[in-house]
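Spelled out from the first residue to the last, the chains are:
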Amino acid sequence: MQSAPTSPSSMSPSPTPAKRRAVFVVGSGRSGTSTVAGALRTLGMHVPQPEVAADDTNPKGFGEPQWVVDLHTELLQRCNVQVSDARPQAWFDAGKLAQFDPLRTRLTTWLEGQFAEASELVVKDPRLAWFVGLWRAAALRCDAAPAYITMLRPVTEVVGSKQKYYGGGDRTAGDVQRTAAWVNMMLHTERATRGSQRRFVRYADLLEDWTVPIFGAGQEFDLVAVQTAQANDIRAVHGFIDPSLRRVQLTWDDVDVPRRLREIAEESWQHLDRLADESAGGGDQPAVHDVLDQLRAAYGEYYGEAEALAQSTALASFRSGQAKAREELPALSGGASGGFSHRLRSLVPARARRWARRMLARGSGQERA
């Protein structure tokens with residue numbers, strides 16, 4: 001008996017699943033990360049919801065998933081790292097968390113839930129740079145291709161923008177800390193994303209003509225939402241990106257930092273800026289990487305010298321903190337000084353306790369001059 005002919009519909013192959021893409025927007029805060037994330041969202045890419053609410057410092061929105069911000073805040077507290085941390089050691093402290101498998105599983109589960117809603121995601125948060133390896137591992141577990149957009153803005157403008165919108169504390173100390181944190185963040189972010197799909201975008205270029213860097217990223221990363229954007233989407237991005245957003249344009253004449261830090265920061269900026277140069281085959285080349293490696297090492301040496309010079313200040317601060325804790329937390333002792341001492345010690349990270357013990361020994365013994 002001859003079987004019935006197969007209908008054309010039953011012979012057609014199953015639809016090919018959409019390719020998963022995760023674009024991670026990284027770089028220093030106040031460098032245009034929110035603008036590029038918002039542009040990609042407007043063109044149709046998915047920013048996981050809910051987002052961090054807009055405020056006076058970013059009236060058009062941050063483009064940051066609240067879940068991601070909360071997670072990074074938790075992780076930074078866990079490894080005792082600040083959002084803008086100038087310590088080279090901070091990268092090793094944060095990087096250790098990437099080896100924690102339950103944490104990878106937690107991120108993978110969350111990402112899977114987001115990919116169930118859309119195949120192309122934008123994940124942006126200035127804190128993300130500390131955990132590039134963790135996010136890369138989670139994306140790969142989801143069979144997604146990770147890619148990175150690093151925003152570039154002159155360090156003096158970043159420092160000035162943070163001073164204007166965040167303020168706080170002594171202006172000179174703020175300039176020094178923020179400049180050092182920018183160097184630390186940008187040089188290590190470049191190294192962490194090296195070897196992956198990535199693009200460097202100048203904030204000035206984004207504001208001047210956003211179509212060039214955004215559609216360039218869409219082509220290189222094979223982003224369907226960008227490549228198939230409709231006229232209405234493009235008009236919406238034109239309305240979203242406001243060239244007047246570059247409200248702070250400071251130079252080194254406006255930023256008060258030590259000469260050596262200024263030299264390292266300026267040279268870092270010059271070579272990071274070259275990474276966005278697409279002429280003559282592009283600037284993301286080994287020769288530039290070599291110079292950035294040298295600058296990262298130079299910054300580490302400079303920071304080590306500054307840290308050694310400030311040991312007396314750090315030790316005095318540690319002793320002051322001990323004295324204040326004894327005054328403010330007497331109830332912890334429960335009437336027993338031994339119990340109080342143990343509780344007090346537990347509040348101080350082990351690494352800091354070891355360092356303080358060494359400094360106290362030096363101060364009380366060998367260096368009595």
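Now for a look at the structure at hand.

Definitions and limits used
- Sequence order as written defines the numbering, with residues in each chain counted from 1.
- Side-chain atom pairs in this predicted model are given and counted only at pLDDT of 80 or more, local residue features only at pLDDT of at least 70, and totals for whole chains, interfaces and linings cover all residues.
- Excluded from the side-chain calculation are hydrogens and water; included are all heavy atoms of the structure.
- Each helix corresponds to a stretch of at least 4 residues labelled H or I by DSSP, and each strand to a stretch of at least 2 residues labelled E; elements are numbered beginning at the N terminus.
- Three exposure classes are used, based on accessible area relative to the maximum for each residue type with a 1.4 Å probe and protein chains only: buried under 20%, partly exposed in between, and exposed over 50%.
- Throughout, a residue-residue contact means that at least one pair of heavy atoms, one from each residue, lies within 4.5 Å.
- Computed with the Shrake-Rupley method and a 1.4 Å probe, the accessible areas treat only the protein chains shown as cover for residues.
- Multiply 1.5 Å by the residue count of a helix minus one, and that product is the helix's expected span.
- Of all possible arcs, the one meant is that of the directions from the helix axis to the C-beta atoms.
- Two aromatic rings, drawn from Phe, Tyr or Trp (for Trp, its six-membered ring), form a pair once their centres lie within 6.5 Å of each other, and the interplanar angle then sorts them: stacked below 30 degrees, edge-to-face above 60, tilted otherwise.
- The convention used is that axes are lines fitted to C-alpha atoms, helices contributing only their stretch in contact, and that angles between N-to-C directions extend from 0 to 180 degrees.
- Convention used here: angles under 35 degrees read as roughly parallel, angles over 145 as roughly antiparallel, angles from 65 to 115 as roughly perpendicular, and any remaining angle as oblique.
- Handedness of a crossing is defined here by the sense of rotation of the near helix relative to the far one, left-handed for an anticlockwise turn of less than a right angle and right-handed for a clockwise turn.
- Put simply, Ala, Val, Leu, Ile, Met, Phe, Trp, Tyr, Cys and Pro go in the nonpolar bin, Asp, Glu, Lys and Arg in the charged bin, and everything else, Gly too, in the polar bin.
- In this description, strands pair whenever DSSP reports at least two bridges between them.
- Just to be clear on terms, a salt bridge is a Lys or Arg side-chain nitrogen sitting within 4 Å of an Asp or Glu carboxyl oxygen.

Once that is clear, we can look at the overall build of the chain. Scanning the chain from N- to C-terminus turns up 17 helices and four strands. Relative to its 369 residues, the chain shows a buried fraction of 46%. Sequence-distant contacts in the chain: of pairs separated by 6 or more residues, those separated by 24 or more amount to 78%. Put simply, the chain shows about 18800 Å² of open surface, and 52% of that area lies on carbon and sulfur atoms.

This part is about helix α3 (residues 66-79). Between the first and last C-alpha of α3 there are 20 Å, a value that for 14 residues agrees with the 20 Å anticipated at 1.5 Å per step. Buried within α3 are the following residues: Val68, Val69, Leu71, His72, Leu75, Leu76 and Cys79. Down the axis of α3, the smallest arc covering the buried residues is 165°, so these residues share one side. Among the structural elements, α4 (89-95), α5 (101-115), β2 (120-124) and α6 (132-141) are those in contact with the buried residues of α3. Positive phi appears at Asn80, one or two residues downstream of α3, with a value of about 60°.

Right, let's talk about the packing of aromatic side chains for a bit. Going through the model one piece at a time under the given rule, you end up with seven aromatic pairs. When the ring of Phe24 is compared with that of Trp135, the centres are 5.8 Å apart and the planes differ by 50°; the resulting orientation is tilted. Of this pair, Phe24 sits in strand β1 (residues 21-26) while Trp135 is found in helix α6, placing the two residues 111 residues apart along the sequence. Like Phe24, the residue Trp135 is buried in the burial classification. One aromatic cluster is present, built from ring pairs that chain together Phe24, Trp67, Trp110, Trp135 and Tyr148.

When two helices pack together, their arrangement is given by the angle between the helix axes and by the axis-to-axis distance. In contact at an axis separation of 10 Å, helix α7 (residues 155-165) and helix α8 (residues 171-193) are set at 130° when each is read in the N-to-C sense. Put simply, α7 runs oblique to α8. Helix-helix and strand crossings are classified by hand; for α7 and α8 the assignment is right-handed. Here Val155, Val158, Val159, Lys162 and Gln163 of α7 come into contact with α8, specifically with Arg171, Asp175, Arg178, Thr179 and Trp182. In the contact of α7 with α8, the residues fall into four nonpolar, two polar and four charged.

A few words now on the sheet that holds β1. Here four strands make up an open sheet; going across it, the order is β2-β1-β3-β4 and the pairing parallel. Among the strands making up the open sheet, the edge pair consists of β2 and β4 (197-202). The average angle at which neighbouring strand axes cross in this sheet is 20°, direction not considered. Pairing geometry for strand β3 (residues 145-152) and β4, over six bridges, is parallel. Paired with Ile149 across the strands is Arg199, a residue of β4. Against the sheet, helix α10 (residues 211-220) makes contact with β3 and β4, and its axis sits at roughly 175° relative to β4, the strand it touches most.

Now for the pattern of salt bridges. For the coordinates displayed, the defined rule picks out 21 salt bridges. Between Arg21 and Asp222 there is a salt bridge, and its shortest N-O distance comes to 3.2 Å. With Arg21 in strand β1 and Asp222 in the loop between α10 and α11 (224-227), this residue pair connects regions lying 201 residues apart in the sequence. For Arg21, a relative accessible area of 12% gives the class buried. Arg194 serves as the salt-bridge partner of Asp293, at 3.0 Å between the closest nitrogen and oxygen. Residue Asp293 is found in helix α14 (residues 286-309), and its partner Arg194 is found in the loop between α8 and β4; the two are separated by 99 residues along the sequence. Of the residues examined, Asp293 reaches a relative accessible area of 24% and is grouped as partly exposed.

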